[in-house]
Amino acid sequence: MSEPEILGESLPFEERIELPGWARVNVSVSTYEATLRKSLADPQEYWANLARELDWFQEWETILSKEGYPHVYHWFNGGLLNLSHLAVDRHAHSHRRNKLAIIWEGEPTDEKGQPKEVRKLTYGDLYREVNRMAFILKEKFGLKKGDRMAVYMPLIPEAIVTLLAAARLGITFTVVFSGFSAESLSSRVADLGAKLLVTADGFYRRGKTVLLKEIVDKALEQAPSVESTLLVRRLGVACPMTDGRDYYLDDLLSEVPQSIKVDPEIVESGHPLYVLYTSGTTGKPKGIIHDTGGYSVLLHATMRWVFDVRDEDVYWCPADIGWVTGHSYVAYGPLLEGATEVIFEGALDFPAPDRWWAIIERYGVSLLYTTPTATRAQMKFGEDYVKKHDLSSLRLLQSVGEPINPSAWWWLFNLVGDKRCPVGSTWWMTETGGVMISSLPGLALIPMKPGTNGMPLPGVKADVVDEAGASVAPGKKGFLVIQNPWPGMPGPPTGMFGDPDRFEKQYFSRFPGTDYFFCGDYAVKDKDGYIWVAGRADEVLKVAGHRLGTYEIESAIVSHRSASEAAVVAIPDAIKGEVPIAFVVLKQGHEPSDALRIEVRKWVRDGFSPIAEPSQVYFVNKLPKTRSGKIMRRLLRAVAEGRPLGDVATLEDETSVEEAKKAYEELGVR
Ligand code: WT7
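Below you will find a few notes about this structure.

What counts and what doesn't
The residue count restarts for each chain, going from 1 along the sequence in the order it is written. A pLDDT threshold of at least 70 governs which residues receive local features in this predicted model, and a stricter bar of 80 or more applies before side-chain atom pairs are shown or counted, although totals over entire chains, interfaces and linings include all residues. Values shown for side chains rest on all heavy atoms present in the structure; no hydrogens or waters enter the calculation. Buried, partly exposed and exposed residues are distinguished by accessible area as a fraction of the type maximum, computed with a 1.4 Å probe on protein chains only: under 20%, between the cut-offs, and over 50%, respectively. Put simply, DSSP marks the helices as runs of H or I at least four residues long and the strands as runs of E at least two long, and each gets a number from the N terminus on. One requirement defines pairing of two strands: DSSP has to find at least two bridges between them. Between the N-to-C directions of two axes lies an angle of 0 to 180 degrees, each axis being a line fitted to C-alpha atoms and, for a helix, fitted only over the stretch in contact. Angles are sorted into four bins: roughly parallel if under 35 degrees, roughly antiparallel if over 145, roughly perpendicular if 65 to 115, and oblique for all others. Whether two residues touch is decided by their heavy atoms; if any such pair falls within 4.5 Å, the residues are in contact. Classes in brief: Ala, Val, Leu, Ile, Met, Phe, Trp, Tyr, Cys and Pro nonpolar; Asp, Glu, Lys and Arg charged; the others, Gly included, polar. One heavy atom within 4 Å of a molecule or strand makes the whole residue count as near it. Counting of polar contacts relies on pairs of N or O atoms within 3.5 Å, with two restrictions inside protein: one atom must be capable of donating a hydrogen and the other of accepting it, and residues adjacent in sequence are counted only when both atoms are side-chain atoms. For every accessible area listed, the method is Shrake-Rupley and the probe measures 1.4 Å; residues are considered covered only by the protein chains on display. Left-handed describes a crossing in which the near helix is turned anticlockwise from the far one by less than a right angle; the clockwise case is right-handed. Within 6.5 Å between ring centres, the rings of Phe, Tyr and Trp (the latter by its six-membered ring) count as paired, and their orientation is classed by plane angle as stacked under 30 degrees, edge-to-face over 60, tilted in between. Criterion for a charge above a ring: Arg CZ or Lys NZ at most 6 Å from the ring centre, at most 35 degrees from the ring normal.

The next point concerns the pairing of strand 15 (residues 286–290). The buried fraction of strand 15 amounts to five of the five residues, a majority that puts the element mostly inside the structure. Alternating positions in strand 15 separate into two faces, K286, I288 and H290 on one and G287 and I289 on the other, with burial throughout. In this structure, strand 14 (residues 274–278) lies alongside strand 15, joined through five bridges in antiparallel fashion. Bridge assignment links V275 to a residue of strand 15, and that residue is I289.

Below you can see the structure in the form of structure tokens.
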């Protein structure tokens, strides 16, 4: 954790807007306020009432209990359910049987710009495919409840089918983003002890093909738990296959009858549904565990309140399943509610900048869950690409991943939503499982303010506090905390996979004597109680909304033959919000050069992930450190932002900062 920088400055939040679009909300402000009050008077009963709206095989014995660790909670202990039953079977056996669940579009287009591949799955189709996949996992690979598997797949229908089939059998899974390298894949897969890896031969991205199988083979050298791989033929390219270990999905499916049924494994509410690895302040990614019952309840509540999802809606969230948004609000949330959703394999601006808008028009998308980065990237292409398309189907826009700057908010509001659609910015994180702070168009009309996150959800107690954990005055910057347990929080048995101590230390030790969950974000609360999250307060970067640890990027850099030390900090970027830059000390015998700079950047790109590539590399002779040898990234950030250095009492050698400054000024930013 870097030294806290409580600046005490307030953010601008003058604008308040009331909209005709809000006319569709369910309840009035007064009912909303009453709901909030009631929910906080008895949050457990409040969540239990929502839980009763789901279909349990058996009701819970206690709403909230504790596991063997101080802050690992067990929601709905004793309750029995199955997520694939909730997301698929329920709808397939109802009037929604022939309703579209998934509209999938592949990236390649023909000469007229029309998609070459579109696949539509009804809830009936999804039910059939999930059962067939579950059959393969169970009968071919012998996987059962409590086993673990990993998924390294592009955004194709098979990916969602795989996750739901795993959930059906009670297999705990982890998804690794398909843009991650072999090293990132193997460390996650090995940490989880996955027996099976489901993947694809590759996928299309910006008109090129990305091959996955060779990366997988390399990763498997370091992941001994994996006994088999299952491959989707997405590209149809020839792949190196190991006999007895690697199987093609279509080969296996050809032997599975269409009508095969695999009963959902009935699991207890606290059963770990998945583990998702996310970046923290130290090297090893944290495996966040999400349970089944609490998580499903949170998704159900937020799909309704935050997205106001209805049967007639077409919902689209372009997030990848490698990130938590692609879990909660692509793979499960919309399906839990029986919605129709669009999923898209490719890049939103390929082959032309208006691909995004063409998709909305093509399928009549009404609910869009987007990001500030995607929005800012579009803004630079100009308004005509948007205006070319009929976007009148849209009725609600939400954003996620990083703070949304007011100009991006206005662009979405005025141009995309045509001044009809509420625009919100939902705050949450991998650890929370679902949205925690947001405008709630499905619940009430409250005035919007461009750039704010809004208010905590009913049942969620959140605040902005100072270093001692005391509430700060309106308009003052502090740390965001969640003060009550919530369903969907990291779950049993250990919160963080294999590391309950780290879980406790990371999230619950910051404010001793309280049960506050420390989010790691700076925030401001305004006089109306709206929360404005300002960005991370720790060594975590948000690059295009993706979460990366400075330490992870530094490790990737120093694994290059020339680098002995590296310090990575984030600098503001007009489109991506933030991008990493790196200060690198070379080993003896290596000289700074432009070629080496490029090589180091490429090394990070290939060895870790394209999103982690430093936008600039500065070679220096030493890094600013404390007397005890800790890198003072705060000073490098100040250098990059041209700010005063602040307190340098602990700095070992002042010339290190001078040198960094010189290097930075000479080279500039890319
Ligand atoms: C971090 C969590 C939430 C799913 C995707 C990211 C930042 C997220 C917002 C928002 C301002 C936001 C925070 C948070 N963040 N949403 N609407 N406004 N900041 O999940 O990768 O776990 O990252 O994303 O800094 O701590 P994640």
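On we go.
The next point concerns unusual backbone geometry. The residue after F350, namely P351, is reached through a cis peptide bond having omega 0°. In this structure, P351 sits in the loop between strand 17 (340–344) and helix 11 (355–363). The omega torsion across P492 and P493 is 0°, close enough to zero to call that bond cis. Counting through the fold element by element, P493 comes out in the loop between strand 24 (477–482) and helix 15 (500–508). In this model, F76 sits at a positive phi of 55°, which is unusual for a non-glycine residue. For F76, the position within the fold is in strand 2 (residues 73–77). Here the phi dihedral of D418 falls at roughly 50°; this positive angle occurs in a residue that is not glycine. On the secondary structure map, D418 appears in the loop between helix 14 (406–416) and strand 20 (423–426).

Following both chains from N to C, one finds helix 9 (residues 293–305) and helix 10 (residues 324–336) inclined at 80°, their axes separated by 9 Å at the closest point. By the angle between their axes, helix 9 is roughly perpendicular relative to helix 10. The segment helix 9 lies against helix 10, with Y295, S296, L299, H300, T302 and M303 engaging H327, S328, Y329, Y332, G333, P334 and L336. For the contact of helix 9 with helix 10, the per-class residue count stands at seven nonpolar, six polar and no charged.

Turning our attention to the site of the ligand. Taken together, 18 residues are adjacent to the ligand, and T430, D521, R536, K542 and R547 come closest. E402 has a polar backbone atom sitting 3.3 Å from a nitrogen atom of the ligand. D521 places a polar side-chain atom, nitrogen or oxygen, 2.6 Å from an oxygen atom of the ligand. When the free accessible area of the ligand is taken as 550 Å², the share hidden by the protein chains comes to 97%. Elements represented by at least two residues in the shell around the ligand include exactly helix 10, strand 20 and strand 26 (531–536). Considered class by class, the residues forming the shell around the ligand number seven nonpolar, six polar and five charged.

Taken in spatial order, the seven strands line up as 5-4-17-16-18-19-20 in an open sheet, and their pairing is mixed. What marks the edges here is a single partner per strand, and that holds for strand 5 (118–122) and strand 20. Strand-to-strand twist across the sheet, computed as the mean angle between neighbouring axes with direction ignored, equals 20°. Bridge count for strand 16 (residues 314–316) against strand 17 is three bridges, and the pairing is parallel. Paired with V314 across the two strands is T340, which belongs to strand 17.

Turning next to the packing of helix 4 (residues 123–140) against helix 5 (residues 157–169). Working note: a packed helix pair is described by the angle between its axes plus the distance between those axes. With their axes 8 Å apart at the nearest point, helix 4 and helix 5 run at an angle of 65° to one another. In the crossing of helix 4 with helix 5, the sense of the turn from one axis to the other is right-handed. Here helix 4 contributes L126, Y127, E129, V130, N131, M133, A134, L137 and K138 to the contact with helix 5, which in turn contributes V161, T162, L164, A165, A166, R168 and L169. The residue inventory of the contact of helix 4 with helix 5, partitioned by class, reads eleven nonpolar, two polar and three charged.

Counted under the stated rule, the structure contains 40 aromatic pairs. Between the aromatic rings of F583 and Y618, the centroid separation amounts to 5.0 Å while the plane-to-plane angle is 25°, which identifies the pairing as stacked. Placement of the pair is F583 in strand 30 (residues 577–586) and Y618 in strand 31 (residues 616–620), with a sequence separation of 35 residues. Y618 matches F583 in its accessibility class, with the two residues each being buried. Taken together, F307, Y315, Y329, Y369 and W428 form an aromatic cluster joined through their ring pairs. Directly above the ring of Y248 sits R233, whose terminal nitrogen or CZ lies 3.7 Å from the centroid. The aromatic ring of Y522 is capped on one face by K477, whose charged end is 4.5 Å from the ring centroid.

Mapped onto the secondary structure, R597 falls in helix 17 (residues 594–607). Polar contacts involving the side chain of R597 include one to the main-chain carbonyl oxygen of V617, which spans 3.0 Å. Residues contacting R597, with those up to four places away along its chain left out, are Q616, V617, Y618, F619 and L667.

The antiparallel open sheet is built from four strands, whose spatial order is 23-24-25-26. At either margin of the open sheet sits one strand with a lone partner, and together these are strand 23 (462–465) and strand 26. The sheet shows a mean angle of 45° between the axes of neighbouring strands, direction not considered.

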